[in-house]
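Residue strings, one per chain:
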Number of protein chains: 4
Amino acid sequence: MASYKLASWQVRLHEIIYESNTRAGKIFDITLLVLIVSSILVVMLDSMQDLHAQFGTLFLVLEWFFTLLFTIEYMLRLICIKKPLGYVFSFLGLIDLLTIIPGYLSFFYAGSQSLMVLRGLRLLRVFRIFKLTRYVSEMQFLIVALKGSMRKISVFMFFVFALVVILGSIMYTAEHGQNGFNSIPDSIYWAIVTITTVGYGDITPATPAGKLVASAIMLIGYAIIAVPTGIITTEMALSARHMKQQSRTCRGCGREGHDADAEFCKYCGGKL
Amino acid sequence: MASYKLASWQVRLHEIIYESNTRAGKIFDITLLVLIVSSILVVMLDSMQDLHAQFGTLFLVLEWFFTLLFTIEYMLRLICIKKPLGYVFSFLGLIDLLTIIPGYLSFFYAGSQSLMVLRGLRLLRVFRIFKLTRYVSEMQFLIVALKGSMRKISVFMFFVFALVVILGSIMYTAEHGQNGFNSIPDSIYWAIVTITTVGYGDITPATPAGKLVASAIMLIGYAIIAVPTGIITTEMALSARHMKQQSRTCRGCGREGHDADAEFCKYCGGKL
Amino acid sequence: MASYKLASWQVRLHEIIYESNTRAGKIFDITLLVLIVSSILVVMLDSMQDLHAQFGTLFLVLEWFFTLLFTIEYMLRLICIKKPLGYVFSFLGLIDLLTIIPGYLSFFYAGSQSLMVLRGLRLLRVFRIFKLTRYVSEMQFLIVALKGSMRKISVFMFFVFALVVILGSIMYTAEHGQNGFNSIPDSIYWAIVTITTVGYGDITPATPAGKLVASAIMLIGYAIIAVPTGIITTEMALSARHMKQQSRTCRGCGREGHDADAEFCKYCGGKL
Amino acid sequence: MASYKLASWQVRLHEIIYESNTRAGKIFDITLLVLIVSSILVVMLDSMQDLHAQFGTLFLVLEWFFTLLFTIEYMLRLICIKKPLGYVFSFLGLIDLLTIIPGYLSFFYAGSQSLMVLRGLRLLRVFRIFKLTRYVSEMQFLIVALKGSMRKISVFMFFVFALVVILGSIMYTAEHGQNGFNSIPDSIYWAIVTITTVGYGDITPATPAGKLVASAIMLIGYAIIAVPTGIITTEMALSARHMKQQSRTCRGCGREGHDADAEFCKYCGGKL
């Protein structure tokens, strides 16, 4: 991975772009935030038929304006960092790239509307600025809790997946492939809609048998929806307690994990 | 901020209006409660076409009656308080004002129906009487818990917001801007309806691709809906434990935070 | 309240009807359970048009059969108890009476279909038999937890009620009393459907403004639905810990509340 | 129950089929996993009208191919195990059998489409391979927590069942058996759809009375949905703490259940 000594102007640039403790850095971050949000607004408004008809060209120009600015920014980020490749292949680096590409691709062929999704990803860039806010600790708490429960959740999700496949095929049979339950995939879609308690109502059981099975499925889903909540709540409770305990450290032996009301270190007996 | 010595009649009035430990105060509060509730009922009934046709004028008269009464009450509140401005700009003070205004505005121009919402705010005034009930401690508990989790919730809400924008634009592309996914804002509206498991069904995916993406979104929402629950539950558990511990204080050193079953103060060793 | 000495045959009858430790008592309870369930099934089947047309008379006969049996049972319950009035005005006693009445009322005037609801109450009688099952401790746990959180829940419900009234009137204004938001009560109904994440879709916002407000409401409801869960979970956690602790009592001083792994009583130092 | 000494080749076969610590065993498991998943995909695709029309015969051939393979596998499982009957009547053994049968039954009479559900059960076979993954501990945790809360959940479910029956009959009366509330069973179906917050919207109250009752039901369901979550969360919290405590054992007395920060065994005083 490429790596070289940075010149003073690069260091300065790095400070502005990557950090935010300097005044210039703060200004840069806020400008970027404004640009990102407004660029997303443009994409949104452009997607509305009537506005597109009226201001289509204006939106196109603005889109190009943003694309160019973000390209320049991307270049600068590459220039002033020690390990450009490291940045390129980092999560945020890839997002930065992905959000520029569609603009240029639309240049070559028209049907690149489908790439507009990538523009939506620009929103993720906001999280880079997020790190400055006073909410960073809350964000960390959530991330920690979610990471901690990720494995359990994924196992649960596998169970749910197996469940909806089976329930879907049961309903497909119960409704004899009619009333919207035209195929097993459709029935699985219905099962997901039902068990997540979303319940669009675009597909609903019509036969008594179907309604009976559906009722059973709903009651099952009723109990099952509690599982992810249980997992995450438990995880959060642990993280919360952990964070709370870590807050106090013994000056004597430097160990943590004391009760909130402890007066002496329980390891070395030193006054806290 | 204006502030002056109150005359005896003002003190007496203040007792009646702002407190409720006197008999007169209780009567005042209950009368007010009845007036508020009935005024809201009038607004509700007046909004129903047929009733409006029949009793329109009666409702108008009643509305004026309530408006005048509440105006008088507002005046009295201003007169008998030390810091009138403090009251005017207090949360409840503003509500009191907001709920009177529309009545008078409707006097000048007809199309003030949209101001009727403000009348709905009258319900918030009920919370003033709430402070008298035996449920005040429960209310405090809820408020404390919600305040405590507010920051985490808002961070989570930001995540959700970013998520729905991205998911919305994905669905917009998956359904080629058809089947109700006419624009990104509409698709975002759909994404919110889906991820909150409300699931109206006014917009539903029609293409296989759309159904696949939608299923994924629902399962994501399934896990995500657990997060706010986890946050608030954890917060409540902490508050509950905290409140429980505070309930017992050492007569010796006056410190709190003793286990429910402790017999001696763990700080000064005094009998509890 | 009437109270007298029971004759031996009454004592015997009381054993059979009210207790279940005797063989006769068990048989009585099971027979009753079967009768209740089948009587409810009859009511259900009778409500289905086609079945009513076919077996209407049979159902009527059966209904009378059940009504008479339950009447006899009610009499017996009155006879063999010390304080008949105490039973009559007890929760289960009133249900017993309520579930007999409609049968006789239907005798006098035809349009007593609306009384059929009362027949549904028969299901509550099942809970009398419930007390025999091995699940009684679980039932108590749930009841204790729900009772404990009842006050908090009711305060929360009041908040929700105030919220839906205000949100309802906001939507009524946003949609200009159209698209199903024909009146404030209708809009409140919609707000309840939305905030509880039921989301029928019978009323949905059509205007952009309405969709925007609705989205906000959904996200609010998203956070709010967590509150009752938090309340009940916290309460259950407390009850669970409490029940767990009560399980062990010191033989020395007879006090409870010892850790699950404690070997000595923390109050008197006696071996557990 | 039959039981005999296994020959060396049987032991070898057993290793491959039932275990997975050998290379051959791993290969077998992965092959099986691939076969199961692809067989399910075939069933799904075959259920789609157009694909069935096009590739119907191909799917049929594949189905036979899978059926034969699974039959052979089943035979092998029988041959190489000590207690064949024990396997046959085990949960996974029955599933293995159930997923083979339909293939052969379809041989004798055509209308065996309804048996296709059984094919869906093949997915459950995946859980056999599950035991190999690194997620086994998470799976155990979930199973333990669910088992622990099973009794409470079932009691709760009984309550819910009684509730929906009563609410259903109330709505049936409130809507006079119209607007989709054609019978009590239908109304009960609606009540389940509502109280589980699924809310299809295929049946919705039309009369003001109905809407009022429905609103009440929704708010009740709002509080009730919290109960299973509470149960499972509490259970998980206990399991989590339990698991955490068990992690550390005293080398001296070999007893577990020490606090995470304990330095000495609280039973024998030995250094942990």
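Values in this document were obtained by computation on a predicted structure and should not be read as measured data.

Draft legend 1. Up close: the overall build of chain A. When helices and strands are tallied, chain A shows twelve helices and zero strands. Counting every position in chain A, which comprises 272 residues, the buried fraction comes to 50%. For chain A, long-range pairs separated by at least 24 residues make up 56% of all intrachain contacts whose partners lie at least 6 apart in sequence.

Draft legend 2. Fine view of the packing of aromatic side chains. This model, assessed by the stated rule, comprises 35 aromatic pairs over all chains. Where Phe65 of chain A meets Phe66 of chain A, the ring centres are 5.5 Å apart and the plane angle is 55°; that geometry is what we call tilted. Residue classification places Phe65 of chain A among the partly exposed positions, given a relative accessible area of 43%. Ring plane angle 20° and centroid distance 6.4 Å describe the contact between Phe66 of chain C and Phe70 of chain C, whose orientation is recorded as stacked. Note that Phe66 of chain C and Phe70 of chain C are positioned in helix H3 (residues 49–79) at a spacing of four residues, about one turn of the helix. Considered together, Phe66 of chain C and Phe70 of chain C belong to a single accessibility category, that of buried residues. Connected via pairs of aromatic rings, a cluster forms that spans Tyr18, Tyr74 and Tyr87 of chain A. It is Arg77 of chain C that lies over the ring of Tyr18 of chain C; its NZ or CZ is 5.2 Å from the centre.

Draft legend 3. Broad picture of the interface of chain D and chain C. Contact with chain D, which involves 49 residues of that partner, is made by 51 residues of chain C. By the criterion of area lost to chain C, the three top residues of chain D are Arg151, Met218 and Tyr222 of chain D, representing 18% of everything that side buries. Linking chain D with chain C are two salt bridges. With its nearest N and O atoms 2.9 Å apart, the salt bridge here joins Arg151 of chain D to Glu138 of chain C. Seen at the junction of chain D and chain C, the total is seven residue pairs in polar contact (both at pLDDT 80 or more). Only helix H9 (136–174), helix H10 (184–195), helix H11 (208–224) and helix H12 (226–246) of chain D provide two or more residues apiece to the side of chain D that touches chain C. A per-element tally of the side of chain D that touches chain C places H9 of chain D first, with 15 residues. For the side of chain D that touches chain C, the class distribution of residues is 27 nonpolar, 16 polar and six charged.

Draft legend 4. Representation of the confidence of the model for chain A. All names here are of chain A. The pLDDT averaged across chain A works out to 81; a share of 82% of its residues lies at or above 70. Helix H10 (residues 184–195) holds the highest mean pLDDT among the elements of chain A, 92, whereas helix H7 (residues 116–120) holds the lowest, 71. At the level of chain-chain contacts, confidence expressed as ipTM amounts to 0.82, with global pTM at 0.84.

Draft legend 5. Representation of a positive patch on the surface. Side chains of Arg241 of chain A, Arg241 of chain B, Arg241 of chain C together with Arg241 of chain D sit close together on the surface and give a patch of like positive charge. By the secondary structure assignment, Arg241 of chain D is in helix H12.

Draft legend 6. Main features of the domain arrangement of chain A. According to the domain assignment, chain A contains domain 1 (8–136) and domain 2 (147–242). Inter-centroid distance (C-alpha atoms) of domain 1 of chain A to domain 2 of chain A is 38 Å.

Draft legend 7. A look at the packing of helix H11 (residues 208–224) of chain A against H10 of chain D. The geometry of H11 of chain A relative to H10 of chain D is characterised by a closest axis approach of 10 Å and an angle of 25° between their N-to-C directions. On the basis of their axis angle, the class for H11 of chain A and H10 of chain D is roughly parallel. Between H11 of chain A and H10 of chain D the crossing geometry is left-handed. Here Lys211, Ala214, Ser215, Met218, Leu219 and Tyr222 of chain A of H11 of chain A lie close against H10 of chain D, whose contacting residues are Asp186, Tyr189, Ile192, Val193 and Ile195 of chain D.

Draft legend 8. Local environment of the pattern of salt bridges. Residue and element names in this part refer to chain A. Enumeration according to the criterion identifies 14 salt bridges over all chains in this entry. Across the pair Glu73 and Arg77 runs a salt bridge, and its minimum N-O distance is 2.6 Å. Residue Glu73 and its partner Arg77 are both found in helix H3 (residues 49–79); the two are separated by four residues, about one turn of the helix. The class of Glu73 is buried, set by a relative accessible area of 6%. Under the relative-accessibility criterion, Arg77 is labelled buried at 0%.

Draft legend 9. Structural context of the relation of the copies chain A and chain B. At an RMSD of 0.1 Å, chain A and chain B line up after a rotation of 90° and a shift of 0.0 Å along the axis. Such values leave the two copies arranged in the relation of a four-fold axis. With a heterologous cut-off of 20% or less, the 14% of interface residues of chain A that recur at the interface of chain B puts this contact in the heterologous class.

Draft legend 10. Spotlight on helix H10 (residues 184–195) of chain B. Residues and elements named next belong to chain B. The end-to-end C-alpha distance of H10, which contains twelve residues, comes to 16 Å, matching closely the 16 Å that a straight helix rising 1.5 Å per residue would cover. Extensive coverage of H10 is indicated by the burial of eleven of its twelve residues. Of all the positions in H10, only Ile184, Asp186, Ser187, Ile188, Tyr189, Trp190, Ala191, Ile192, Val193, Thr194 and Ile195 are classed as buried. Just past H10, the residue Thr197 takes up positive phi, approximately 60°.

Draft legend 11. The nonpolar core, seen in detail. Counting residues in each nonpolar core, the largest one holds 286 residues, and the members touching the most others are Trp190 of chain A, Trp190 of chain B, Trp190 of chain C together with Trp190 of chain D. In this structure, Trp190 of chain A is in contact with Met171, Phe181, Ile203, Thr204, Pro205, Ala214 and Ile217 of chain A together with Tyr200 of chain D, ignoring residues within four places of it in sequence.

Draft legend 12. Quick peek at the interface of chain A and chain B. Between chain A and chain B, the contact holds 51 residues from the first and 48 residues from the second. For the pairing of chain A and chain B, the buried interface totals around 4,400 Å² over both sides, and the portion due to carbon and sulfur atoms is 74%. Inspection of the chain A/chain B interface yields two salt bridges. At the boundary of chain A and chain B, one finds seven residue pairs in polar contact (both at pLDDT 80 or more). Going through the elements one at a time, helix H2 (23–46), H7, helix H8 (122–130), helix H9 (136–174), H10, H11 and helix H12 (226–246) of chain A are the ones with two or more residues in the side of chain A that touches chain B. Broken down by element, the side of chain A that touches chain B gets its largest block of residues, nine residues, from H9 of chain A. Residues that form the side of chain A that touches chain B fall into these classes: 34 nonpolar, eleven polar and six charged.

Reading guide: rules and limits
Residues numbered from 1 in each chain as written. Chains lettered and ligands numbered in written order. Predicted model: local features only at pLDDT ≥ 70, side-chain atom pairs only at ≥ 80, totals over all residues. Heavy atoms only, no water. Helix = DSSP H or I, 4+ residues; strand = E, 2+ residues; numbered from the N terminus. Buried < 20%, exposed > 50% of the residue type's maximum accessible area, 1.4 Å probe, protein only. Contact = heavy atoms within 4.5 Å. Phe/Tyr/Trp six-rings, centres within 6.5 Å; stacked < 30°, edge-to-face > 60°. Lys NZ or Arg CZ within 6 Å of the ring centre and 35° of its normal. Buried area = accessible area lost by both parts, 1.4 Å probe. Salt bridge = Lys/Arg side-chain N within 4 Å of Asp/Glu carboxyl O. Polar contact = N/O pair within 3.5 Å; in protein donor to acceptor, adjacent residues only side chain to side chain. Nonpolar A, V, L, I, M, F, W, Y, C, P; charged D, E, K, R; others polar. pLDDT = per-residue confidence, 0-100. Patch = residues over 30% accessible without salt bridge, like charges linked within 9 Å, V, L, I, M, F, W, Y side chains within 5 Å. Areas by Shrake-Rupley, 256 points an atom, 1.4 Å probe, with all protein chains shown as cover. Lys, Arg positive; Asp, Glu negative; His and termini not counted. Charge placed at Lys NZ, Arg CZ, Asp CG, Glu CD. Domains from an automatic or database assignment. Axes fitted to C-alpha atoms, helices over the stretch in contact; angles between N-to-C directions. Parallel < 35°, antiparallel > 145°, perpendicular 65-115°, else oblique. Left-handed = near helix turned anticlockwise from the far one by under 90°. Least-squares fit on C-alpha atoms with pLDDT ≥ 70 in both. Expected span 1.5 Å × (residues − 1). Core = buried A, V, L, I, M, F, W, Y, C linked by side-chain atoms within 4.5 Å.

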